Amino acid sequence: MPGGEAELAGQPPALRRQAGLSPGRLYLRSIAAIIWKDMRAELRSREMLASMLVFALLVILIFNFALQLNVRERTTITAGVLWVTFAFAGTLGLNRSLAVEYDRGCLDGLLLTPVDRSAIYFGKAIGNLIFMLVVEAVVLPVYSLLYNQNLFHPGLFAAILLGSIGYSAVGTLLSSMAVQTRTRDVLLPILLFPLAIPILLAAVKASSGLLQGLDMAEIWPAINLMIAYDVIFTSLAFMFFENIVEE
Amino acid sequence: MPPKPVFLKVIDISSFTLLLIASAMVFLYAPMEAVMGNVQRVFYFHVACGWAGFIGFTAAFVCAIGYLRTGDLKWDIAGLAAVEIGLVFAFINIVSGSIWARPIWNTWWTWDPRLVTATIMELIYLAYLMLRQGIGNPARRARFGAVYAILGFISVPLTFFSIRIWSTIHPVVIGSGDPEAKGAFDMTPRMLTTFLFSLFTFSVLFVDLYWNRIRLGIFGERIESLKMKAMEEA
């Protein structure tokens, strides 16, 4: 549904005039407002990013001892280690981001606002994506520093971005399911990982190919798979988010 | 409790008989494969179970769409039944494949695309059951289950076509597979008859189990509502 038009149609005309915006602009604005709300809350509490970051660094530390990351192994394993770290830290953030909404009844408030449900979904999903990207932006330099490996590669950034988009798109949908169950935090990884395996596989493949300087012809299939996954799962989540939050 | 429909009884008995005949065909009628020997006989039920698993998950997908469109809890009962039966068949499929792989591939398990996608499919539907277990409210359970069944269904065609898309060592018996595949063979007419008969048998078996499981689900729901009524009266 384009731009929450139906939602707005039921509103008094004064509200529309006051907004003075086309439905499309209004839709984007409501998404931005939700993202801004999440960022502000995070800037004040700093609980989510802090725990994600510390957790990510701990995962890397554990990998260091578990896999004996010596120089020779590192070149082939780095991409895998990075993506497992991102995925684990990502689940932490996804759980938290939706749990906050449900615990304090904020979601009911969000649902009462005269915006399309999908705007709420996109707001939350983009917010989660931003948190994941922040974690990645910290983990990458720390990893290159600790292991003396240059990870500054524009292609790698693109692969990480594509992977994170798909992961947070499907993760946001599933965590809004998981937080409404009895088992909550335990359930999210169980629901998310099997569905996220395709994108994680493709992301690891593309990243490791880029880091090893393989020919682009070998990397494109993985990148195409990520793009396809992003498109498919974002549209599925867009379609079904309403079924998850409505009561 | 309404008595069992006569037609269901007929299917009960015929699926049992068919299973006996199919087993007899697999062991007595089908010839021994020249290269692989007797272990190749796993193939007939292995593929048939995979087939029944695919039917189950597809039925669950259809039921999920049906539920989201109508909001009728009967679709949900049918969806859960389909997933449960599909899971069992898919599991038998994996285990029987593993038994065959031990002598042919010289390993119980290998991380081949077909095996990986089949495992992911199994895990997705296990997660479906765990998701349902964590939700008390029946309408919400049905809604979430339906959404997850639709998302997870992507794994089903992916598993089915995995041996036709990627290079894999899993043989493709119908149609042409990767020349790298280990354990491929050409079917003789007798093998083909046995194979098609197994497929037919497991389709009937699936219908039989499915019908019985749906009946069970309806009874379960009725007991649930009677309990509620009794508690209200007390």
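Residues numbered from 1 in each chain as written. Chains lettered and ligands numbered in written order. Predicted model: local features only at pLDDT ≥ 70, side-chain atom pairs only at ≥ 80, totals over all residues.

A. Fine view of the overall build of chain A. Of regular secondary structure, chain A possesses 10 helices and zero strands. In chain A, the succession of α and β elements from N to C terminus is α-α-α-α-α-α-α-α-α-α. For 247 residues, the compact-globule estimate of 2.2 N^0.38 gives 18 Å, and the C-alpha radius of gyration of chain A, at 19 Å, lies within 12% of that figure. Taken along the three principal axes of its C-alpha coordinates, chain A extends 65 × 40 × 30 Å. (Helix = DSSP H or I, 4+ residues; strand = E, 2+ residues; numbered from the N terminus. Rg over C-alpha atoms; globule rule 2.2 N^0.38 Å.)

B. Representation of the overall build of chain B within the structure. The helix and strand tally for chain B stands at seven helices and zero strands. Once the C-alpha set of chain B is aligned to its principal axes, its extents read approximately 70 × 40 × 25 Å. Taken across its 234 residues, chain B has 36% of its residues classed as buried. Restricting to contacts in chain B with at least 6 residues of sequence separation, those with at least 24 account for 73%. (Buried ≥ 20, exposed ≤ 12 C-beta atoms within 10 Å, placed from the backbone. Contact = placed C-beta atoms within 7 Å.)

C. Quick look at the interface of chain B and chain A. Facing the 16 residues of chain B at the interface are 15 residues of chain A. At the level of secondary structure, the elements contributing two or more residues to the side of chain B that touches chain A comprise helix H4 (113–133) and helix H5 (138–152) of chain B. Considering every element that reaches the side of chain B that touches chain A, the biggest residue donor is H5 of chain B, with seven residues. For the side of chain B that touches chain A, the class distribution of residues is 12 nonpolar, two polar and two charged. (Nonpolar A, V, L, I, M, F, W, Y, C, P; charged D, E, K, R; others polar.)

D. Up close: the nonpolar core. One finds Val170, Leu191, Ala203 and Met226 of chain A together with Ala149 of chain B to be the most contacted residues of the largest nonpolar core, which totals 121 residues. Every residue in contact with Met226 of chain A, bar those within four places of it in the chain, is listed here: Leu162, Gly163, Gly166, Ile199, Ala202, Ala203 and Ala206 of chain A. (Core = buried A, V, L, I, M, F, W, Y, C linked by C-beta atoms within 7 Å.)

E. Broad picture of the environment of Leu111 of chain A. By the secondary structure assignment, Leu111 of chain A is in helix H6 (residues 106–112). Separated by 134 residues in the primary sequence, Leu111 of chain A and Val245 of chain A place their C-alpha atoms 8.2 Å from one another.

F. Local environment of helix H10 (residues 216–245) of chain A. Compared with an ideal rise of 1.5 Å per residue, which puts 30 residues at 44 Å, H10 of chain A spans 42 Å between its outermost C-alpha atoms and is within 8% of the ideal. Met239 of chain A marks the point of greatest bend in H10 of chain A, at about 40°. Those residues of H10 of chain A that are buried are in contact with helix H7 (117–147), helix H8 (154–178) and helix H9 (187–211) of chain A together with H5 of chain B. (Expected span 1.5 Å × (residues − 1). Bend = angle between axes of the 7 residues up to and from the residue.)

G. Layout of helix H3 (residues 73–104) of chain B. Between its first and last C-alpha, H3 of chain B extends 46 Å over 32 residues, near the 46 Å set by a 1.5 Å rise per residue. One or two positions beyond H3 of chain B, positive phi appears at Asn106 of chain B, with a value near 65°.

H. View of the packing of helix H1 (residues 6–29) of chain B against helix H7 (residues 189–233) of chain B. Residue and element names in this part refer to chain B. Contact geometry for H1 and H7: axes closest at 9 Å, N-to-C directions at 155°. On the basis of the axis angle, H1 is roughly antiparallel to H7. Seen along the crossing, H1 lies across H7 with a hand that is left-handed. Contact residues: H1 offers Leu8, Ile11, Asp12, Ser14, Ser15, Leu18, Leu19, Ala22, Met25, Val26 and Tyr29, while H7 offers Arg190, Thr194, Phe197, Ser198, Thr201, Val204, Leu205, Val207, Asp208 and Trp211. Grouping the amino acids of the contact of H1 with H7 by side-chain chemistry returns 13 nonpolar, five polar and three charged. (Axes fitted to C-alpha atoms, helices over the stretch in contact; angles between N-to-C directions. Parallel < 35°, antiparallel > 145°, perpendicular 65-115°, else oblique. Left-handed = near helix turned anticlockwise from the far one by under 90°.)

I. The arrangement of the environment of Leu200 of chain A in detail. Residue and element names in this part refer to chain A. Mapped onto the fold, Leu200 is located in helix H9. A residue is classified by how many C-beta atoms lie within 10 Å of it, and Leu200, with 20 of them, is buried. Distance from Leu200 to Gly163, taken between C-alpha atoms, is 6.9 Å for residues 37 residues apart in sequence. For Leu200, the residues in contact, after removing those within four places along its chain, are Trp83 and Ala87.

J. Structural detail: the packing of helix H4 (residues 47–67) of chain A against H7 of chain A. Residue and element names in this part refer to chain A. Contact geometry of H4 with H7 gives a least axis separation of 10 Å together with a crossing angle of 35°. In this structure, H4 meets H7 at a crossing whose hand is right-handed. Here H4 contributes Met48, Leu49, Met52, Leu53, Ala56, Leu57 and Ile60 to the contact with H7, which in turn contributes Phe131, Val134, Val135, Val138, Val139, Val142 and Tyr143. Class assignment for the residues of the contact of H4 with H7 results in 14 nonpolar, no polar and no charged.

K. Molecular detail of unusual backbone geometry. Unusually for a residue other than glycine, Arg46 of chain A sits at a positive phi of about 55°. Of note, Asn106 of chain B is a non-glycine position whose phi angle comes to about 65°, a positive value.

L. View of the confidence of the model for chain A. For chain A, the mean per-residue pLDDT works out to 87, and 91% of the residues sit at or above 70. Taken element by element, the predicted model of chain A shows its lowest mean pLDDT in helix H1 (residues 5–9) of chain A (48) and its highest in H8 of chain A (94). (pLDDT = per-residue confidence, 0-100.)

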